[in-house]
Amino acid sequence: MILHVDMDAFFAAIEQRDRPETAGRPLVVGGNSKRSVVATASYEARGFGIHSAMPMYMAMEKCPHLIVIPSNKSKYAAVSGRIMTLLNGFTPLVEPVSIDEAFLDITGCERLFGSVEKICVAIKDRIRQETCLTCSIGASHLRFLAKIASDMDKPDGIHIIERKDAPEVIKTLPIKKVPGVGERAMEQMKRLGILTLGDISRIPHPILEKKFGKFATDLLNFSRGIDPSAIGTGGPMKSISSESTLESDTLDMVVMKKHLLAHAQRVGRQLRAKGLLAGNVTIKVKFSDFTQISRQTKPTVPICASTAIYREACTLFEQTAKDRKIRLLGVGVSSFSTPDAPVQLELFDNIDQRDERWAVLDRAVDRISRRFGAESITPASLKY
Ligand code: TTP
Ligand code: MG
């Protein structure tokens, strides 16, 4: 049995806990400048139609007495760490997937606790005692259904999808609830007449594959009640990203590339600090009308140099709409491997002298950054 534990209104709940006078009141976490967005909203604020990623000015319009608290990431990360440690007390098979959620494989624990429901209650009690926070838990024999289930009785809920009920849940599950189905996929799904996960089984595999690539196999498996992904305990990190809202919406390529470079550097620094290589580079672009796209590419070999990440990000960026004003830019990396993996040979076979020099430069810059702070050393100009 797999559990998915997801904290309720995580950042906002921590701030409400630490400021008792705000309990039960509409509160959001985020910057309070005109261009900030809401990181998350308390459930009281959600009652006013406020949600994550909403521009702050819009949130304030919807609720004039809204309490706005600046984000304190290190505090939230510390709480997250405590929660993950505590979950490890229930089973060693814990896979943290973001700052406020984790999968747990509790197969075999039922004998100790009595039933799945009792384990869920015990976990919720333990988290409440330790952190004074609530969470919601979903349970299913399938990982993807556990994630969907944790959202079904939010906040402070437990939702168990029994094995015998899974086929009916799958048949009627709105396709947008399936993890991995974003806005772009939704459009394609609509065109194919797919409204529920059950509808997937009607579509021939080659058509699904043409439209959704590798994801087609997951979709087909999910629709048949198969989810072979095990709970990975390798650690929380699946991707590293950095993004920011620009000071004003812009069409200026130089400004945008400066931002891409800054993000590529931040991401590269974190990647190298963890001794990892990235097999995927992603950019995220939000336009002035708030529509958003993300694009990804696979470098020919896994990379970790900031310049290489920047080059990939720039190529992706140049392929996207350049004639629309841009509001937000981000760069991310994923598909990690370590230099010890077999890919190493290929990596060094392919590396050219220029990349080697960049690697030396990166190492020097990383040393300076560690000593004097992340922003202490930045490039003076752009080559592009
Ligand atoms: P979520 O689990 O998506 O949201 P939540 O915990 O605030 O609310 P819910 O009860 O619906 O689970 O995200 C966890 C935290 O991640 C959230 O508290 C703040 C942060 N976050 C952002 O900073 N920006 C975002 O756009 C989202 C969705 C989350
Ligand atoms: Mg949450």
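Residues numbered from 1 in each chain as written. Chains lettered and ligands numbered in written order. Predicted model: local features only at pLDDT ≥ 70, side-chain atom pairs only at ≥ 80, totals over all residues. Heavy atoms only, no water.

Caption draft 1: Summary view of the overall build of the protein chain. For the protein chain, the helix and strand inventory stands at 15 helices and twelve strands. Counting over 384 residues, the protein chain shows a buried share of 44%. Across the protein chain, every contact between residues at least 6 apart in sequence was considered, and the portion connecting residues at least 24 apart equals 64%. (Helix = DSSP H or I, 4+ residues; strand = E, 2+ residues; numbered from the N terminus. Buried < 20%, exposed > 50% of the residue type's maximum accessible area, 1.4 Å probe, protein only. Contact = heavy atoms within 4.5 Å.)

Caption draft 2: Structural detail: the side chain of threonine 22. Topologically, threonine 22 is positioned in the loop between α1 (10-18) and β2 (27-30). Those residues in contact with threonine 22 that lie beyond four places of it in its chain are Glu15, Gln16, Leu27 and Ile67.

Caption draft 3: Structural context of the sheet that holds strand β11 (residues 292-297). Taken in spatial order, the four strands make up an open sheet running β9-β12-β10-β11, and their pairing is antiparallel. Of all strands in the sheet, those bounded by a partner on one side alone are β9 (239-250) and β11. This sheet shows a mean twist of 15 degrees between the axes of neighbouring strands, independent of strand direction. Two elements, strand β10 (residues 277-287) and strand β12 (residues 326-337), share ten bridges in a ladder whose sense is antiparallel. Counterpart to leucine 277 in the pairing with β12 is serine 337. Strands β10, β11 and β12 of the sheet are contacted by helix α13 (residues 306-319), whose axis makes an angle of about 40 degrees with β10. (Pairing = 2+ DSSP bridges. Axes fitted to C-alpha atoms, helices over the stretch in contact; angles between N-to-C directions.)

Caption draft 4: The arrangement of the coordination of the magnesium ion (ligand 2) in detail. Those donors, Asp6 (OD), Met7 (O) and Asp100 (OD), are the protein atoms that reach the magnesium ion (ligand 2), and they lie 2.0 to 2.3 Å from it. Mapped onto the polypeptide sequence, the residues donating to the magnesium ion (ligand 2) form the spacing pattern D-M-x92-D. For the pair aspartate 6 and methionine 7, a shared accessibility class is recorded, and that class is buried. (Donors = N, O, S within 2.8 Å, 3.2 Å for Na, K, Ca; no water.)

Caption draft 5: Quick look at the nonpolar core. Ranked by internal contacts, the top residues of the largest apolar core, which has 35 residues, are Leu3, Phe10, Leu87, Leu104, Ile106, Ile123 and Ile127. Here the element with the most residues in this core is helix α4 (residues 73-88); it accounts for six residues. With residues near it in sequence (within four places) discarded, leucine 104 still touches Met1, Ile2, Leu3, Val5, Leu87, Thr91, Leu93, Val94, Ile123 and Ile231. Counting 28 residues, the second largest nonpolar core, distinct from the first, contains Met256, Ile283, Val285 and Ala308. (Core = buried A, V, L, I, M, F, W, Y, C linked by side-chain atoms within 4.5 Å.)

Caption draft 6: Expanded view of the site of ligand 1. In the region of ligand 1, 13 residues are neighbours, and Ala9, Thr40, Tyr43, Arg46 and Asp100 sit closest. Contact between ligand 1 and threonine 40: an oxygen atom at 2.4 Å from a side-chain N or O atom of the residue. Aspartate 100 is positioned with one of its side-chain polar atoms (N or O) 2.9 Å from an oxygen atom of ligand 1. Across the complex, the protein chains shield 68% of the 560 Å² of accessible surface that ligand 1 would expose by itself. Elements with a minimum of two residues in the shell around ligand 1: β1 (2-7), α1, β3 (38-41) and α2 (43-46). When grouped by side-chain class, the residues that make up the shell around ligand 1 number six nonpolar, two polar and five charged. (Near = heavy atom within 4 Å. Polar contact = N/O pair within 3.5 Å; in protein donor to acceptor, adjacent residues only side chain to side chain. Areas by Shrake-Rupley, 256 points an atom, 1.4 Å probe, with all protein chains shown as cover. Nonpolar A, V, L, I, M, F, W, Y, C, P; charged D, E, K, R; others polar.)

Caption draft 7: Structural view of the environment of proline 26. Secondary-structure assignment places proline 26 in the loop between α1 and β2. What makes proline 26 buried here is its relative accessible area of 9%. Sequence-wise, proline 26 and alanine 12 are 14 residues apart; in three dimensions their C-alpha atoms are separated by 9.5 Å.

Caption draft 8: Here's a closer look at the environment of histidine 65. With respect to the element layout, histidine 65 can be found in the loop between α3 (56-62) and β4 (67-69). Along the primary structure histidine 65 and leucine 27 are separated by 38 residues, whereas in three dimensions their C-alpha atoms are 9.0 Å apart. Those residues in contact with histidine 65 that lie beyond four places of it in its chain are Pro26 and Phe48.

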